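Residue-level structure breakdown
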Amino acid sequence: MSETGNRLRKLLESPNFDPQSYVKQLSQQSDGDRDLQEHRQKIQTLADETAQNLKKNVYKNYRQFIETAKEISYLESEMYQLSHILTEQKSIMESITQSLLSTDKDETSKEMQAAFPKETEELKQRTLTSLLEKVEGAKNIMDIPGRHLVYNGDLAEYDVDNMSLIQKVHAFLMNDCLLIANWLPNRRGTVKYKYNALYDLESFAVVNVKDNPPMKDMFKILMFPESRIFQAENSKVKKEWLEILDETKKNKASKEKKVEEAPMSPVRSEVSTNPFDMEEDEPADSEDSVDLSLEWIQELPEDLDVCIAQRDFEGAVDLLDKLSEYLKDQPVTPRVKELRGKVDERVRQLTEVLVFELSPDRSLRGGPKATRRAVSQLIRLGQSTKACELFLKNRAAAVQTAIRQLRIEGATLLYIHKLCNIFFTSLLETAKEFEMDFAGNTGCYSAFVVWSRSAMNMFVDAFSKQVFDSKESLSTAAECVKVAKEHCQQLTEIGLDLTFTLQSLLVKDIRAALQSYKDIIIEATKHRNSEEMWRRMNLMTPEALAKLKEEMRSCGISFQQYTGDDCWVNLSYTVVAFTKQMMSFLEEGLKLYFPELHMVLLESLREIILVAVQHVDYSLRCEQDSEKKSFILQNATFLHDTVLPVVERRFEESVGKPAKQLQDLRKSTRSVRINPESTTSLV
């Protein structure tokens with residue numbers, strides 16, 4: 001920008017700039033309309049530059065905005081997960097502290113008894129049974145012995161995303177789980193609610209939601225990776241829910257810890273002579289042979305929780321492998337079964353986290369290598385089929401997103417170049433990563449081949465929409481198909497040949513394009529034939545004649561003998577135009593050639609040539625002037641001896657098969673050239 005432009009920019013950007021004073025001063029200083037026009041042009045130029053800079057900045061940061069939004073969403077889910085983990089850690093620490101400070105009488109038990117002094121276990125169970133009779137689909141909840149009601153009440157459930165009211169529910173808090181039931185609007189008899197969900201106390205965390213009028217008196221229940229938000233009647237009820245939920249979770253954790261720490265009695269209370277009883281007691285004797293008192297085994301469930309929380313997937317799988325190796329040849333005792341149950345629950349949680357890592361909802365940046373970590377750990381967990389399915393779904397979403405984000409350029413060929421580069425490069429990278437990740441799982445390769453075909457379908461949809469649906473010229477379509485073929489050949493370097501798949505998906509559109517262009521040529525030829533005067537062609541300038549000679553030479557046609565003095569050509573304009581158009585159709589058709597299109601291309605060439613031959617035949621039979629008849633015969637000789645052999649030879653060289661239909665057509669036109677007086681038509 002010039003120095004004057006810089007000064008003008010600084011003036012307009014100054015905070016004290018006054019437009020009215022500036023215009024008034026400018027009007028007083030200008031010598032006339034010309035100065036004002038020049039100054040207006042400078043301001044307009046500055047405005048255009050500013051707009052261009054803003055546009056560039058928007059385009060530059062547009063993708064970053066999208067990725068940032070995705071990352072924010074992902075971080076939000078991680079914060080929910082972190083909150084859940086912190087709550088669980090807090091609960092564990094409090095339960096440990098309380099058990100260390102506890103005496104013979106458990107303090108938590110005292111508080112619950114003080115809160116409900118008149119209730120016994122039997123009364124609690126009867127109360128729960130009577131309440132559950134009002135819940136449709138909750139008959140099996142009382143099958144667990146020792147389960148009783150702690151607290152219940154009405155709540156309103158809201159949508160987590162937009163905070164809109166979803167439904168009214170009734171919550172039943174039991175000593176080991178939480179039941180959510182929906183209100184039935186059309187109540188029948190004693191049934192007032194319908195079963196919705198049942199959550200184990202260890203599977204969720206309770207989080208207080210800060211009041212934000214009109215949304216207040218709310219709390220959230222986090223079940224990774226989901227969450228639900230509820231509203232109590234008032235702040236007092238909300239406080240009761242939070243306190244009782246926290247207390248019940250602590251009681252359950254403390255109770256389970258005491259059961260685990262209770263010593264096994266080595267003395268049998270009774271000695272039975274029943275041989276079947278002795279057989280049942282044998283595993284208890286063999287239990288001593290499985291040493292589960294090792295420190296790393298005792299801490300294994302907690303260590304797995306820590307690894308999952310810290311996203312140390314490799315460490316978690318290493319611990320599981322270590323345990324499997326340790327228990328490989330050991331007998332299955334009740335304590336081993338109990339340990340297996342705890343570990344299986346952690347394996348399920350780890351699998352869910354790894355599945356979430358591979359879900360298409362996650363950020364797709366980083367290419368196929370970004371999925372390697374989760375895929376490898378799922379394979380180590382014995383989930384190779386699921387890993388294969390999720391990996392291919394992730395890559396399909398990535399390819400689809402890349403194609404969707406590709407800008408549609410004005411030039412079709414430029415867009416196809418970009419489309420092929422993005423698609424086939426992604427396919428090649430995915431294939432290499434798949435081969436690396438699933439090297440020892442040959443059974444998954446068939447799934448990759450099926451996925452490759454579906455991905456090719458996605459590519460052809462975008463390709464055809466831009467090339468064939470927009471009615472591009474045949475030459476443009478031929479160039480685009482040629483580019484796609486060349487890129488498809490790149491996949492052969494890894495042993496994947498999708499050329500046949502590409503051809504089979506494109507053959508329908510190419511056949512329609514060939515037939516459409518054939519009809520256009522036939523109509524144009526018929527229109528020229530209707531105006532034919534059978535006169536020599538005058539190109540007016542030597543340059544035009546030289547250009548025509550060059551065009552014919554590039555088509556492989558010997559044209560020198562048909563040029564006359566000055567700028568005259570001893571052929572009809574109609575025949576020359578037909579020759580150029582037909583040779584162009586032949587070249588573009590050969591670029592689009594597939595074996596499935598062999599007869600389509602041959603029949604199209606035959607129909608086009610037949611239109612010209614029939615016109616010459618008809619003109620020879622109808623023309624009475626001997627001089628014009630001689631000129632028509634010269635044009636017929638050009639078509640028969642020069643053009644048709646070139647078409648046959650060019651077709652056979654490119655395809656590798658003889659063009660029998662064209663040979664038969666040339667033989668049938670020979671009678672016209674030999675006996676122009678014949679009244680027999682070619683039709």
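Below: a short report on this structure. Since the structure is predicted, the reported quantities are computational estimates derived from the model, not experimental observations.

**A short note on the pattern of salt bridges**
Overall, the coordinates contain 22 salt bridges when judged by the stated rule. As a salt-bridge pair, R380 and D318 come within 2.6 Å of each other at their nearest N and O atoms. Taken together, the positions of R380 in helix α12 (residues 372–380) and D318 in helix α10 (residues 313–326) put the pair 62 residues apart, joining distant regions of the chain. When its relative accessible area of 36% is taken as the criterion, R380 is described as partly exposed.

**Let's talk about helix α19 (residues 573–591)**
Its 19 residues place the ends of α19 28 Å apart at the C-alpha level, agreeing with the 27 Å of an ideal helix rising 1.5 Å per residue. Its side-chain oxygen at 3.2 Å from the backbone nitrogen of T574, S572 defines the N-terminal cap of α19.

**Structural notes on the packing of aromatic side chains**
A complete count under the given rule lists 20 aromatic pairs for this structure. Taken together, a centroid distance of 5.0 Å and an interplanar angle of 80° make the contact between F423 and F424 edge-to-face. For the pair F423 and F424, one class covers both residues: buried. Put simply, the rings of F391, F434, F438, Y445, F448 and W451 pair up and form one aromatic cluster. If you follow K249 out to its NZ or CZ, it ends over the ring of F204, 4.9 Å from the centre.

**A few points about the nonpolar core**
Membership of the largest hydrophobic core comes to 123 residues, with the highest contact counts inside it found for M456, F459 and F463. Domain assignment of the residues forming this core places at least three in each of domain 3 (296–469) and domain 4 (506–673). Once residues within four sequence positions are removed from consideration, F459 is found in contact with L419, C420, F423, F424, A484 and L502. The next biggest cluster of nonpolar side chains, apart from the first, holds 22 residues, and it includes Y151, V169, V206 and F230.

**Looking at the side chain of K518**
Looking at the secondary structure, you find K518 in helix α17 (residues 499–530). Sequence-distant contacts of K518, that is, excluding residues within four places in its chain, are made with F585, S604, E607 and I608.

**Topic: a nonpolar patch on the surface**
On the surface, a cluster of nonpolar side chains totalling about 310 Å² of accessible area is made up of M79, L82 and L86. Here L82 is to be found in helix α3 (residues 33–101). Judged by its relative accessible area of 41%, L82 falls in the partly exposed class.

What counts and what doesn't
- Residues numbered from 1 in each chain as written.
- Predicted model: local features only at pLDDT ≥ 70, side-chain atom pairs only at ≥ 80, totals over all residues.
- Heavy atoms only, no water.
- Salt bridge = Lys/Arg side-chain N within 4 Å of Asp/Glu carboxyl O.
- Helix = DSSP H or I, 4+ residues; strand = E, 2+ residues; numbered from the N terminus.
- Buried < 20%, exposed > 50% of the residue type's maximum accessible area, 1.4 Å probe, protein only.
- Expected span 1.5 Å × (residues − 1).
- Polar contact = N/O pair within 3.5 Å; in protein donor to acceptor, adjacent residues only side chain to side chain.
- Phe/Tyr/Trp six-rings, centres within 6.5 Å; stacked < 30°, edge-to-face > 60°.
- Lys NZ or Arg CZ within 6 Å of the ring centre and 35° of its normal.
- Core = buried A, V, L, I, M, F, W, Y, C linked by side-chain atoms within 4.5 Å.
- Domains from an automatic or database assignment.
- Contact = heavy atoms within 4.5 Å.
- Patch = residues over 30% accessible without salt bridge, like charges linked within 9 Å, V, L, I, M, F, W, Y side chains within 5 Å.
- Areas by Shrake-Rupley, 256 points an atom, 1.4 Å probe, with all protein chains shown as cover.

By themselves, these are just geometric observations and shouldn't be taken as functional.
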